[in-house]
Amino acid sequence: MEIKPQYGFDQLLFGMKMQDVERLYGRPDLLFDDEDFNIIALYNSLKCRLTFYADEDFRLGYIIISNPEATLWGQKIVGTLFSDWKPVFDKKGFQKFETEQLDSVTHYFNEDHWLLIQEEFAQICKVEIGAIVKDIDNFDWKFK
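Residues numbered from 1 in each chain as written. Predicted model: local features only at pLDDT ≥ 70, side-chain atom pairs only at ≥ 80, totals over all residues. Heavy atoms only, no water.

Draft legend 1. Focus on the overall build of the chain. The helix and strand inventory of the chain stands at 2 helices and 15 strands. On C-alpha atoms alone, the chain measures out to a radius of gyration of 15 Å, which is about the 15 Å that the 2.2 N^0.38 rule sets for 144 residues. The burial tally for the chain puts 42% of its 144 residues in the buried class. The contacts of the chain with a sequence gap of at least 6 include a subset with a gap of at least 24, amounting to 39%. For the chain, the centre of its 16 positive side-chain charges and the centre of its 26 negative side-chain charges are spaced 8 Å apart. (Helix = DSSP H or I, 4+ residues; strand = E, 2+ residues; numbered from the N terminus. Rg over C-alpha atoms; globule rule 2.2 N^0.38 Å. Buried < 20%, exposed > 50% of the residue type's maximum accessible area, 1.4 Å probe, protein only. Contact = heavy atoms within 4.5 Å. Lys, Arg positive; Asp, Glu negative; His and termini not counted. Charge placed at Lys NZ, Arg CZ, Asp CG, Glu CD.)

What follows is the structure, given as structure tokens:
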């Protein structure tokens with residue numbers, strides 16, 4: 001299950017609608033709305049949370065992954081150290097990370113590629129990726 005910044009995760013592509021995702025993975029284990037009326041779908045087997053943006057005709061725009069089998073550029077990422085990944089990120093053009101420490105959790109956020117790495121107790125525990133904004137009014141949807 002490959003994490004593809006700017007594109008998606010596994011067979012998921014940014015821009016898919018719920019029915020596209022359900023054709024691939026079936027019905028989600030849990031479905032609810034957030035405070036912005038976005039639809040949130042949880043898939044326990046994938047260990048991921050999908051956000052379908054209400055103001056974008058409910059297209060898939062954000063994915064949170066905590067699957068220990070998930071890979072980034074062919075290498076497992078959950079359970080590893082951010083510091084071990086820093087040279088890889090630099091080589092791939094992901095040099096700028098904003099860092100925020102909240103109690104036991106450290107967030108590393110790269111806005112250019114909309115990638116957030118969450119590390120707790122010195123191990124990456126979540127990877128969050130989002131669709132890229134192409135211009136002020138449009139996302140760069142990968143699924144047409």
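There's plenty left to go through after this.
Draft legend 2. Spatial organisation of the environment of Leu46. Structurally, Leu46 is set in the loop between β5 (39-43) and β6 (48-53). Its relative accessible area of 7% is what places Leu46 among the buried residues. Contact partners of Leu46, with chain neighbours within four places excluded, come to Met1, Phe9, Asp10, Tyr25 and Asn67.

Draft legend 3. Region of interest: the sheet that holds strand β8 (residues 71-72). The sheet built from 5 strands is open, its strands ordered β3-β2-β1-β8-β9 with mixed pairing. Strands at the two margins of the open sheet, each flanked by one partner only, are β3 (12-13) and β9 (75-76). Of the pairings in the sheet, the one linking strand β1 (residues 2-4) to strand β2 (residues 8-9) comprises 2 bridges and is antiparallel in character. Directly across from Ile3, in β2, lies its bridge partner Phe9. (Pairing = 2+ DSSP bridges.)

Draft legend 4. Structural view of the nonpolar core. One finds Leu50 and Ile63 to be the most contacted residues of the largest nonpolar core, which totals 37 residues. Listing elements by their share of this core, those giving two or more residues are α1 (18-25), β5, β6, β7 (59-65), α2 (82-91), β12 (115-120) and β13 (123-130). Looking at this core element by element, the count peaks at 5 residues for β7. (Core = buried A, V, L, I, M, F, W, Y, C linked by side-chain atoms within 4.5 Å.)

Draft legend 5. Quick peek at α2. Turning to α2, its buried residues are Phe82, Trp85 and Phe89. Down the axis of α2, the buried side of the element spans an arc of 60 degrees, and every buried residue falls inside it. Pointing more than 90 degrees away from the buried face of α2 are the exposed residues Ser83, Asp84, Pro87 and Lys91. The secondary structure elements touched by the buried residues of α2 are β8, β9, β11 (105-110), β12 and β13. Just beyond α2, the residue with positive phi is Gly93, at close to 90 degrees. (Arc of directions from axis to C-beta.)

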